[in-house]
Each structure stands twice: as C-alpha cells, then as structure tokens.
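Structure at a glance
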Amino acid sequence: MSETILILGAGGQIGGELTVKLRSIYGDANVIASDIRESNFHKQLEGPFEIVDATNKEAILEIVKKYNITQIYLLAAMLSATGEKYPQKAWDLNMTSLLAVLDLAKEKYIDKVYWPSSIAVFGTTTPKNNTPQKTIMEPSTVYGISKISGEFWCNYYHEKYGVDVRSLRYPGIISWKTKPGGGTTDYAVDIFFKAIEEGKYECFLNENTRLPMMYMEDAVDATIQIMQAASEDIKIRTSYNLSAIDFTPKELSDEIKKHIPQFTITYKPDSRQEIADSWPQTIDDSQARLDWKWAHKHDLSSMSKDIIKNLQAQKNQELKTV
C-alpha cells in the first residue's frame, strides 16, 4: 500500500527539510505540507500545501479525507524559550494538537503517527552524562512538561487502543536552511549565521555549557527511519533517546575559527542558561541503535564544514543578485 503523508507544522525548523526528504521518497503529490500560515520556503516547493490549525481536529480530519492520508507527522509545537514566555499557549498548542491526532488514529482515520519529544523531558535531577533511556524525568519548563505528558499519552493510546505512534527525544538540532525558532539550543544555529554575516557572536549560554546536538540531515534520517521500521521493532512507545554529538559553545566556536579565523565570540548568559543547565550533557541512545539500527553520520567537524560551505555559497549568491 502506498503512503500519503500529512506534515502538521511543516513551516518549522524540521518540517521544511523533512517535507523535501519525504517527497523525494514518496513523491511530491503524496506528501502534504501544512501549517498555520504558508512560508516562503514552501511557496518554492512542488507539491500540495494546506493552511491548517494543528489544534483543530475537524480541520485536520478534512485534510485527511481530502488526500486519503495514511500517516501524520505532528511537528507543530511551541519550543522551550518561547514557551516560558507564553506557558498556557505552549501547553494548549503542544497537548491539544497531539490528542487530536491520536484520536484520529484511534478512530482509524490514519494508520500511523509520528510525534517528536525532546531532551527537555529531563531535569536537574536527571543524570547529566550518558543519560539513560529510562531515568528520572522532572522537567522544569512548560515545554518539557508538555513533552513528558505527551510521551505517556502516546504510550497510553498504543497500549489502550493499538495506535501505531512513534517518537524520538530530539537533542538540539542544527540546520543552515532555517533560522532559529525559539529553542534553548538555537545558539548553535544562530552562531553560524552570525559568523558568516558579522564575524562575531554574543552567546546566551556560558562557554562550557555542554549539550547534546545533531545535524539536521541526521535528525531527518532518524525520523524517517523510525517511521519505516517494522512495528515489532519499535519496543518503546513513549519516546526513544536520540543522540549524535555533544559540544560546548567554546568547542563550537573553536571549530568555526578553523574556517573563519577572524571569528570572535563573547558570552552573556540569560534566562536560557537555567534551562540548559537542567538538561543532559550527553545521551545514551543505545536502545534506538539496537531496536531499529539507528546510526548518525555527522560529527562536529563534518557538520561545521558543511554548514559554513553552504552559508558562504548562499551569501555569495545573494551578493550576485543585488
């Protein structure tokens, strides 16, 4: 049976690149991108786009029926730093959208659901190094609270109703195609843009804040791999730990200086430092590697080289068109 996929929240950091990759696999017409508003990125792509409020179950159902959707990737969410400014809105968006999609799966309108969790489910009491798959989880942000709640809703719908729902706990995700979107790990995205545009960066975390990270290409691959895995290989229905690399702002800036020697960085920690301090430094994702053979491709060096190459090429192209 061929798959027809709906991506809710396709305008976000992961959604755009996931749309492109899924369309390369399943065909443009079989991957429907959607968001609360259309982005310039999606206007440039071939393939259908729909305006949909991810908290509106009936609106989602209309799209499901219109395109005979078999899978939903629910990426709509309010991230950590933004969620602290608007806690009630973050909770409503993050939870209402998930329950709407899980209900559609329970009611057999769709066959399979993907929903991302995050390292934000962990907290200050969680072991910082090599954080286990099963461990203490006492999140300190509304984003983390919504994600840990969502994990158990996913498991509940799987156990109670047989819903085929799959999830990954994303670390910080880094991309050169999408600018920062309100996450605590977003310094690792913004720093590359500022390095190319200004040759300097003021970091909102201190220089030794180690956090788990991942290049976007690996994150997209992991997302598709878990959805393509056989159902019997998915042993965890809350959410899988996922990991690739980890580094500090200083280590990242040192790597950037190998390519842009004049680059400088200063540090001015703000409220996001407290959030970062509550998260793990390194993650044990051996369960994902065992169950569905997850393996990352990029390390700090290859990721930095690729991002800088692409951003410099993009800047040169913009200069030519001016």
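You'll find the structure just up there.
Residues numbered from 1 in each chain as written. Predicted model: local features only at pLDDT ≥ 70, side-chain atom pairs only at ≥ 80, totals over all residues. Heavy atoms only, no water.

Looking at the overall build of the protein chain
When its secondary structure is counted, the protein chain shows twelve helices and 14 strands. Relative to the compact-globule value of 20 Å for 322 residues, the protein chain shows a C-alpha radius of gyration of 19 Å, a close match. Overall, the protein chain is about 55 × 50 × 40 Å in size when its C-alpha atoms are taken along their principal axes. With 322 residues in all, the protein chain has 54% of them scored as buried. Pairs at least 24 residues apart make up 76% of the contacts formed inside the protein chain by residues separated by at least 6 positions. In the protein chain, 37 positive and 43 negative side-chain charges are present, and the distance between their average locations comes to 1 Å. (Helix = DSSP H or I, 4+ residues; strand = E, 2+ residues; numbered from the N terminus. Rg over C-alpha atoms; globule rule 2.2 N^0.38 Å. Buried < 20%, exposed > 50% of the residue type's maximum accessible area, 1.4 Å probe, protein only. Contact = heavy atoms within 4.5 Å. Lys, Arg positive; Asp, Glu negative; His and termini not counted. Charge placed at Lys NZ, Arg CZ, Asp CG, Glu CD.)

Some points on the sheet that holds strand 8 (residues 168-170)
Strand order in the open sheet formed by three strands is 6-8-12, with parallel pairing between adjacent strands. Strands with a single pairing partner mark the edges of an open sheet, and in this sheet they are strand 6 (117-118) and strand 12 (240-241). Here strand 8 runs beside strand 12; their pairing, made up of two bridges, is parallel. Paired with Arg169 across the two strands is Asn241, which belongs to strand 12. (Pairing = 2+ DSSP bridges.)

Observations concerning the pattern of salt bridges
All chains considered together, the criterion is met by 16 salt bridges. Here Lys250 ties to Asp254 by a salt bridge, and the two come within 3.1 Å at their closest N and O atoms. Placement of both Lys250 and Asp254 in helix 9 (residues 249-257) is noted, with a separation of four residues, approximately one turn of the helix. Here Lys250 falls in the partly exposed class, since its relative accessible area comes to 35%. With its nearest N and O atoms 3.7 Å apart, the salt bridge here joins Asp306 to Lys309. Highlighted residues: Asp306 and Lys309, both in helix 12 (residues 300-321), separated by three residues, approximately one helical turn. The network of salt bridges with common partners includes Lys21, Asp221 and Lys297. (Salt bridge = Lys/Arg side-chain N within 4 Å of Asp/Glu carboxyl O.)

Here we look at the environment of Thr55
When you line up the elements, Thr55 lands in the loop between strand 3 (49-51) and helix 3 (57-67). Exposure remark for Thr55: the relative accessible area of 28% places this residue in the partly exposed category. With 193 residues separating them along the chain, Thr55 and Thr248 place their C-alpha atoms 36 Å apart. When sequence neighbours within four positions are dropped, the list of residues in contact with Thr55 reads Asp92, Leu93, Thr96 and Ser97. Of note is the side chain of Thr55, whose polar atom sits 2.7 Å from the side chain of Asp53. (Polar contact = N/O pair within 3.5 Å; in protein donor to acceptor, adjacent residues only side chain to side chain.)

Regarding the layout of surface pockets
If a probe the size of a water molecule is rolled over the atoms, the empty space left behind becomes visible. A volume near 1000 Å³ is recorded for the largest pocket. Taken together, 43 residues form the lining of the largest pocket, with Gly12, Leu75, Ala77, Met78 and Leu79 sitting closest to its centre. Elements supplying a minimum of two residues to the lining of the largest pocket: helix 1 (13-26), helix 4 (80-85), strand 6, helix 6 (142-161) and strand 9 (172-174). Tallying contributions element by element places helix 1 first for the lining of the largest pocket, with three residues. Split into classes, the residues belonging to the lining of the largest pocket amount to 19 nonpolar, 17 polar and seven charged. Its volume calculated, the second largest pocket comes out at about 400 Å³. (1 Å grid on protein atoms, 1.4 Å probe; cavity = no way out; pocket = protein on both sides within 12 Å on 5 of 7 lines; lining within 4 Å. Points joined across faces, edges and corners; volume = space filled by probe spheres on them. Nonpolar A, V, L, I, M, F, W, Y, C, P; charged D, E, K, R; others polar.)

Here's the deal with the sheet that holds strand 5 (residues 112-114)
In space, the six strands of this open sheet follow the order 3-2-1-4-5-7, with parallel pairing throughout. This sheet does not close on itself; its edge strands, each paired only once, are strand 3 and strand 7 (164-166). Sheet twist, expressed as the average angle between the axes of neighbouring strands with direction ignored, equals 20 degrees. Taken together, the four bridges between strand 1 (residues 5-8) and strand 4 (residues 71-74) define a ladder with parallel strand orientation. If you follow Leu8 over to strand 4, its bridge partner there is Leu74. In the packing of helix 1 onto the sheet, contacts are made with strand 1, strand 2 (31-35) and strand 4, and the angle to strand 2 comes to roughly 160 degrees. (Axes fitted to C-alpha atoms, helices over the stretch in contact; angles between N-to-C directions.)

On their own, these measurements won't tell you what the molecule is for.
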